[in-house]
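Read off the chains here:
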Amino acid sequence: RGRERSRPAQHVIDDVKKLVDRGVKEVTLLGQNVNSYTSDCGTDFAKLLKKLARETPIERIRYTTSHPKDFNDELIDVMAENQDKIMEYIHLPVQCGNSDVLAHMHRGYTREEYLARVERIFDRLPNAVLSTDIIVGFPGETDLQFQDTMSLLNEVPYENIFAFAYSPRPMTKAARFPDQIADSVKSERLSQVLALHREVAFELSKKYVGQTLKVLIERHNPEAGQLQGRSTQNKSVYCSGSESMIGSTVDVKISEAAPLVLRGERLQ
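Report follows, based on the coordinates. Each chain has its residues counted from 1, following the order in which its sequence is written. It should be noted that, the model being predicted, local features are given only for residues of pLDDT at least 70 and side-chain atom pairs only at 80 or more, the latter also being counted only at that level, while totals for whole chains, interfaces and linings use all residues. Think of the side-chain values as coming from all heavy atoms in the structure, minus any hydrogens and water.

Before going further, it helps to examine the overall build of the protein. For helices the rule is a DSSP run of H or I covering at least 4 residues; for strands it is a run of E covering at least 2, with both sets numbered from the N terminus onward. From N to C terminus, the protein includes 7 helices and 10 strands. Projected onto its principal axes, the C-alpha coordinates of the protein cover approximately 60 × 45 × 35 Å. Throughout this description, buried means an accessible area under 20% of the type-specific maximum (1.4 Å probe, protein chains only), exposed means over 50%, and partly exposed covers the range between. Put simply, the protein has 268 residues, and 45% of those count as buried. By the convention used here, residues are in contact when the closest approach between their heavy atoms is within 4.5 Å. Of the contacts formed within the protein by residues at least 6 apart in sequence, a portion of 70% connects residues at least 24 apart. Working definition of accessibility: Shrake-Rupley area with a 1.4 Å probe, residue cover restricted to the visible protein chains. Accessible area of the protein: about 13900 Å², with a carbon and sulfur share of 49%. His is not counted here, nor are the chain ends, while Lys and Arg score as positive and Asp and Glu score as negative. To locate a charge, take NZ of a lysine, CZ of an arginine, CG of an aspartate or CD of a glutamate. In the protein, which carries 36 positive and 38 negative side-chain charges, the distance between the mean positions of the two groups comes to 5 Å.

As C-alpha cells, this is what we get:
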C-alpha cells in the first residue's frame, strides 16, 4: 500500500462543508488505520473529529478502521463530548485474544492492553457499540491460544464481528513462517468463533426491543411500503413510510431485533 499519508485537515473540513451543501447528512472518515492520522499542520485524528463536529453542520460522523494501539484517551474524550454528532459505533479490530499471537502478528498491544482500552471506552461512552475483526489459525497458534480468542468473545460485548481463517499473502513474513496451520483446523476454529458469536450477538440484540432509536432514512421499498435506514449504532432499521422521507432522520421504536437488523414503528 505504500507509506501512510494524511490529507490536510482544512481540505477534509472543506470537503465535508461542500457535501453538506449538496444535502449529505452523514460522512465516514476512512483509513487503513484512520486514527493514526496526522496532518501537516499537526492536527491528529481526535482533533480532526472535534473540528468536524464543531466547525461543520454535518449531522453525523463515523470513521473506520481504527487500530487499538492508536485509540487514545483524547479520541475517547472527543467522542464523549460530541455525542450529538459522532456516532457511538466503534470498529476496533482485535484479531486474536492471545498476547503471544498478537506479538507474533506485530499488532503492538497485548490482550490486557486491549481490554483496558475497551474498559475506558465504556467508562466514557456507556452506549458504545463495538465490532471487531478476528483471524483464526495464524501461524503457530495453538489450541490453547485459540481458546483465548473464544474467551475474549465472551468478555467483550461485540455486536458484530468479521471473522476469517488466516490465509498466506505473498511477500509477507507470516507466509514464510514454518508453523502453518492445516486448513481443516482453521476451518473448525472459524466455525467455533462464528457459532459462539451468533449466540452472543442475538443475546445483545434483545436490549434494543422497546428502545427508540434515531434512524437516518436511506432507501424506500415501494412494494413493501417500507423504509430502511441506519441508526446511530450502525444498525439497519426497517419501518413503514413513504419515499419522501429519504434523507430525513426519524425516531423508530424497535419491536423486533436481530444482531444486524432491527424493525420497528416510526413515531413521527
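Put simply, a salt bridge is a Lys or Arg side-chain nitrogen that is within 4 Å of an Asp or Glu carboxyl oxygen. Applying the stated criterion to the full structure yields 22 salt bridges. When the shortest N-O distance is used, the salt bridge between Asp143 and Arg189 registers 2.7 Å. A residue pair is termed long-range when its members are at least 10 positions apart, and Asp143 in helix α6 (residues 143–155) and Arg189 in helix α7 (residues 183–205) qualify at 46 residues. A single network of salt bridges, built from pairs that share partners, joins Asp73, Asp77, Arg117, Arg120, Asp123 and Arg124.

Mapped onto the elements of the fold, Thr232 is located in the loop between β7 (226–231) and β8 (236–240). Placed 120 residues apart in sequence, Thr232 and Glu112 show a C-alpha to C-alpha distance of 29 Å. Contact partners of Thr232, with chain neighbours within four places excluded, come to Arg60, Arg62, Met87, Glu88, Tyr89 and Lys214. Of note is the side chain of Thr232, whose polar atom sits 3.4 Å from the side chain of Gln233. Two N or O atoms count as a polar contact when they lie within 3.5 Å, although within protein this holds only if one can serve as hydrogen donor and the other as acceptor, and sequence-adjacent residues are included solely when both atoms are side-chain atoms.

All right, on to the side chain of Lys186 then. Here Lys186 lies in helix α7. Residue Lys186 is classed as buried on the basis of its relative accessible area of 7%. Separated by 2.8 Å, the side chain of Lys186 and the backbone oxygen of Tyr166 make a polar contact. Ignoring sequence-local partners within four residues, the contact set of Lys186 consists of Val136, Gly137, Ala165, Tyr166 and Ile181.

Attention shifts here to the sheet that holds strand β9 (residues 249–257). Overall, mixed pairing links the 5 strands, which are arranged β6-β7-β8-β10-β9 in a closed barrel. Averaged over all pairs of adjacent strands, the angle between their axes in this sheet comes to 50°, without regard to strand direction. Here β9 pairs with strand β10 (residues 261–266) via 5 bridges, running antiparallel. In the strand pairing of β10, Lys253 is matched with Glu265. Here the rule is simple: two strands pair whenever DSSP picks up at least two bridges between them. To define axes, lines are fitted to C-alpha atoms, for helices over the stretch in contact only, and angles between the resulting N-to-C directions are given on a 0 to 180 degree scale.

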